[in-house]
Amino acid sequence: MTKDWEEFLSPYKQAVDELKVKLKDIRRQYLLHSSYSPIEFVTGRVKPIASILDKAKQKGIPLDRIEEEMQDIAGIRMMCQFVDDINKVVELIRKRNDFEIVEERNYISHKKASGYRSYHIVIRYPVQTIYGEKKILAEIQIRTLAMNFWATIEHSLNYKYKGQFPKDIQMRLKRAAEAAFQLDEEMSIIRGEIQEAQAFFSSKKESQQKGDGD
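Remember, predicted model here, so these are calculated numbers, not experimental data. (Residues numbered from 1 in each chain as written. Predicted model: local features only at pLDDT ≥ 70, side-chain atom pairs only at ≥ 80, totals over all residues. Heavy atoms only, no water.)

Enquirer: So what's going on with the overall build of the protein? Which residues, and what values?
Expert: The secondary structure content of the protein amounts to seven helices and five strands. With 214 residues in all, the protein has 36% of them scored as buried. Here the analysis covers contacts within the protein between residues at least 6 apart in sequence; of these, 65% occur between residues at least 24 apart. Counting every atom, the protein has about 13,200 Å² of accessible surface; 51% of that belongs to carbon and sulfur. Each charge sign in the protein was given a centre, from 36 positive and 33 negative side chains, and these centres are 4 Å apart. (Helix = DSSP H or I, 4+ residues; strand = E, 2+ residues; numbered from the N terminus. Buried < 20%, exposed > 50% of the residue type's maximum accessible area, 1.4 Å probe, protein only. Contact = heavy atoms within 4.5 Å. Areas by Shrake-Rupley, 256 points an atom, 1.4 Å probe, with all protein chains shown as cover. Lys, Arg positive; Asp, Glu negative; His and termini not counted. Charge placed at Lys NZ, Arg CZ, Asp CG, Glu CD.)

Structure representation (structure tokens):
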């Protein structure tokens, strides 16, 4: 089956653009009320065609079943400073009524064998097109900055080694994953001090900006 990829991926690109705006707005609303935001930043991407084809081949997904069986063609990442923030963000996602949650996978409580940690929520998102409404699958990944750093490195190495890591790299990756999680644990312990310092820095910055504007 030959796909017109530009037409096929168009609603996914629209979904990513819309979701980024909507989810970034949560952070804006927190900051508007001078509250600490559990969301540090939001990114999004549409999976490249080559990656779609590689995954379809690897998972044995026929091209005419990609829409139904590939959940991460549209991907959103929501980054948090602290592990506890992830639960808050998950609750915020669950309360929304502009999309339907299809599946949740907790790779923080139940990390992957590789050491990977993240919280995945698969949603069915309605995109408005000139032909009417089209519901597509999208994946939201929620993780800390430390988890994201590790996952980004692991993804690059995975691309190089096609999943067949040399034993020494595999061992070091697992160690690094534990070190990243330990960093998150330590940061959680001194969370109050960190937030107090950040609030002080923000208020000082605002005062300076007001002074420069006078």
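Enquirer: Now, about the nonpolar core: what can you tell me, with residues and values included?
Expert: Ranked by internal contacts, the top residues of the largest apolar core, which has 38 residues, are Met-78, Ile-93, Ile-140 and Ile-142. Only helix H1 (5-32), helix H2 (49-59), strand E2 (74-80), helix H4 (83-95), strand E4 (119-129) and strand E5 (132-144) provide two or more residues apiece to this core. The biggest single contributor to this core is H1, with nine residues. Non-local contacts of Ile-142, meaning those with residues more than four positions away in its chain, are made with Met-78, Cys-80, Ile-86, Val-89, Val-90, Ile-93, Ile-108, Ser-118, Tyr-119 and Ile-121. One finds Tyr-107, Tyr-116, Trp-150 and Ala-151 within the second-largest nonpolar core, a separate group that totals eight residues. (Core = buried A, V, L, I, M, F, W, Y, C linked by side-chain atoms within 4.5 Å.)

Enquirer: Tell me about the side chain of Ser-118, residues and numbers included.
Expert: Here Ser-118 shows up in the loop between strand E3 (100-106) and E4. One polar contact links Ser-118 to Arg-143, side chain to side chain, over a distance of 3.3 Å. (Polar contact = N/O pair within 3.5 Å; in protein donor to acceptor, adjacent residues only side chain to side chain.)

Enquirer: Please provide a residue-by-residue account of the pairing of E4, values included.
Expert: Burial analysis of E4 places eight of its 11 residues in the buried class, the great majority of the element. With six bridges connecting them, E3 and E4 associate as antiparallel partners. Residue pairing for E4: Glu-100 is matched across the bridge by Arg-124. The hairpin turn running from E4 into E5, its antiparallel successor, is two residues long. (Pairing = 2+ DSSP bridges.)

Enquirer: Break down the packing of aromatic side chains for me, with residues and values.
Expert: Tallied over the full model, the rule gives four aromatic pairs. Relative to Phe-82, the ring of Tyr-36 has its centre 6.5 Å away and its plane inclined at 50°; by these criteria the two rings are tilted. Within this pair, whereas Tyr-36 is found in the loop between H1 and strand E1 (41-46), its partner Phe-82 is found in the loop between E2 and H4, the two being separated by 46 residues in sequence. With relative accessibility at 1%, the residue Phe-82 sits in the buried group. (Phe/Tyr/Trp six-rings, centres within 6.5 Å; stacked < 30°, edge-to-face > 60°.)

Enquirer: Tell me about the pattern of salt bridges, and please be specific about residues and values.
Expert: As enumerated under the stated definition, the model contains 16 salt bridges in all. Here Asp-72 ties to Lys-47 by a salt bridge, and the two come within 3.2 Å at their closest N and O atoms. Of this pair, Asp-72 sits in the loop between helix H3 (66-69) and E2 while Lys-47 is found in the loop between E1 and H2, placing the two residues 25 residues apart along the sequence. With respect to class, Asp-72 is no different from Lys-47; both count as buried. When the shortest N-O distance is used, the salt bridge between Arg-94 and Glu-104 registers 2.8 Å. Taken together, the residues span a long stretch of sequence, with Arg-94 in helix H4 and Glu-104 in strand E3 at a distance of 10 residues. On the basis of relative accessible area, Arg-94 is assigned to the partly exposed category, the value being 39%. Each member of the salt-bridge network shares a partner with another, and the members are Lys-22, Arg-96 and Asp-98. (Salt bridge = Lys/Arg side-chain N within 4 Å of Asp/Glu carboxyl O.)

Enquirer: Can you explain the side chain of Asp-85? Please cite residues and give values.
Expert: With respect to the helices, strands and loops of the structure, Asp-85 is situated in helix H4. Residue classification places Asp-85 among the buried residues on the basis of a relative accessible area of 0%. Only 2.8 Å separates the side chain of Asp-85 from the side chain of Arg-191, close enough to count as a polar contact. Once residues lying within four places of it in the same chain are set aside, the contact partners of Asp-85 are Tyr-36, Pro-38, Cys-80 and Arg-191.

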